[in-house]
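# Examining the three-dimensional arrangement
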Amino acid sequence: MKHMYKVLIVDDERLIRLTLQNMLDWKALGCDVVAALKDGNEAYAVFQKVHPDLIITDLKMPQMNGVELIQKVKEERPSTQVIVLSNYSDFELVRDAMKAGACDYLLKVTLDKQQLEQTIKQRLVHCESAQEKEDNEEAAWLKHVHQSLLLLKNQEEVGEED
């Protein structure tokens, strides 16, 4: 079965959250929207539990803003792709978000289905390569552990023969 990418949507405006959830056929894109939350604190708590592959976040939110969320997420899991939602007036915040590790941004006022879908697809390519890298690293680690256990077993057997 193909890996379903986990998506987390974060925006303090309920209408934006609903729009993002319903604008695309997420399943057709190979995605599962795991949560749509209203602030960075909630989002970070969920992030720690489900480790989403992709986060779409607003920048101006109560509690923890989008830039702080991005910093915490990237510190913990650099492979997570982050798309920022902003308004024209948020230039400074967008710049800070990009410095913190966001990989793309979308303007709320011009957001349309085609643009969102194209941006998501671009980010999923990065998720896929990150997933392959994680899988390869895990396989290499398991092989190392297996070899170490065999070596220990052989050393024990040699020790028993003495």
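Scroll up a little and you will see the structure.
Cut-offs applied
- Residues numbered from 1 in each chain as written.
- Predicted model: local features only at pLDDT ≥ 70, side-chain atom pairs only at ≥ 80, totals over all residues.
- Heavy atoms only, no water.
- Helix = DSSP H or I, 4+ residues; strand = E, 2+ residues; numbered from the N terminus.
- Buried < 20%, exposed > 50% of the residue type's maximum accessible area, 1.4 Å probe, protein only.
- Contact = heavy atoms within 4.5 Å.
- Areas by Shrake-Rupley, 256 points an atom, 1.4 Å probe, with all protein chains shown as cover.
- Pairing = 2+ DSSP bridges.
- Axes fitted to C-alpha atoms, helices over the stretch in contact; angles between N-to-C directions.
- Right-handed = clockwise from strand over helix to strand, strands pointing away.
- Salt bridge = Lys/Arg side-chain N within 4 Å of Asp/Glu carboxyl O.

This part is about the overall build of the chain. If you tally the helices and strands in the chain, you get 5 helices and 5 strands. Order of helices (α) and strands (β) in the chain, N terminus to C terminus: β-α-β-α-β-α-β-α-β-α. Scored against the burial criterion, the 162 residues of the chain give a buried share of 40%. Pairs at least 24 residues apart make up 68% of the contacts formed inside the chain by residues separated by at least 6 positions. About 9700 Å² of surface is accessible on the chain, with carbon and sulfur atoms providing 52% of the total.

With that settled, consider the sheet that holds strand β2 (residues 31–37). Strand order in this open sheet of 5 strands is β2-β1-β3-β4-β5, and the pairing throughout is parallel. Across the chains shown, the open sheet's two edge strands, defined by having one partner strand only, are β2 and β5 (104–107). Between one strand and the next, the sheet's axes are offset by a mean angle of 20°, whatever the strand orientation. Bridging between strand β1 (residues 5–10) and strand β3 (residues 54–58) involves 4 bridges; their strand directions are parallel. Residue V10 lies in a different strand from β3, and its bridge partner there is T57. Helix α2 (residues 40–50) rests against β1, β2 and β3 of the sheet, and its axis sits at about 170° to β1. With respect to the sheet, helix α3 (residues 66–76) is in contact with β1, β3 and β4 (81–86), its orientation differing from that of β3 by roughly 160°.

As a general feature of sheets, a regular strand has side chains that alternate between the two faces. The element β1 is extensively covered by neighbouring structure, given that 5 of its 6 residues are classed as buried. Pairing analysis gives 6 bridges linking β1 to β2, with the strands arranged parallel. By the bridge assignment for β2, Y5 is matched with C31. One crossover worth recording links β1 to the parallel β2 by way of helix α1 (residues 14–23), and it is right-handed.

What follows deals with unusual backbone geometry. For H51, which is not glycine, the phi torsion reads 45° and is therefore positive. Assignment of secondary structure puts H51 in the loop between α2 and β3. A relative accessible area of 31% means that H51 is categorised as partly exposed. Even without being a glycine, Q63 presents a positive backbone phi close to 65°. With respect to the helices and strands, the residue Q63 is situated in the loop between β3 and α3.

Turning to the pattern of salt bridges, a few remarks are in order. Oppositely charged side chains may form a pair once their charged atoms are brought near each other. Taken as a whole and judged by the stated rule, the model has 9 salt bridges. Where K38 meets E42, a salt bridge forms, and the shortest distance between an N and an O atom there is 2.9 Å. Residue classification places K38 among the partly exposed positions, given a relative accessible area of 43%. Notably, a salt bridge pairs R77 with D53, separated by 3.8 Å at the nearest N-O pair. Pair noted here: R77 is in the loop between α3 and β4 and D53 is in the loop between α2 and β3, with a separation of 24 residues, a long-range link. Both residues of the pair, R77 and D53, count as buried. Salt bridges linked by common partners bring D11, E13, D58 and K108 together as one network.

Just distances and angles here, no functional claims.
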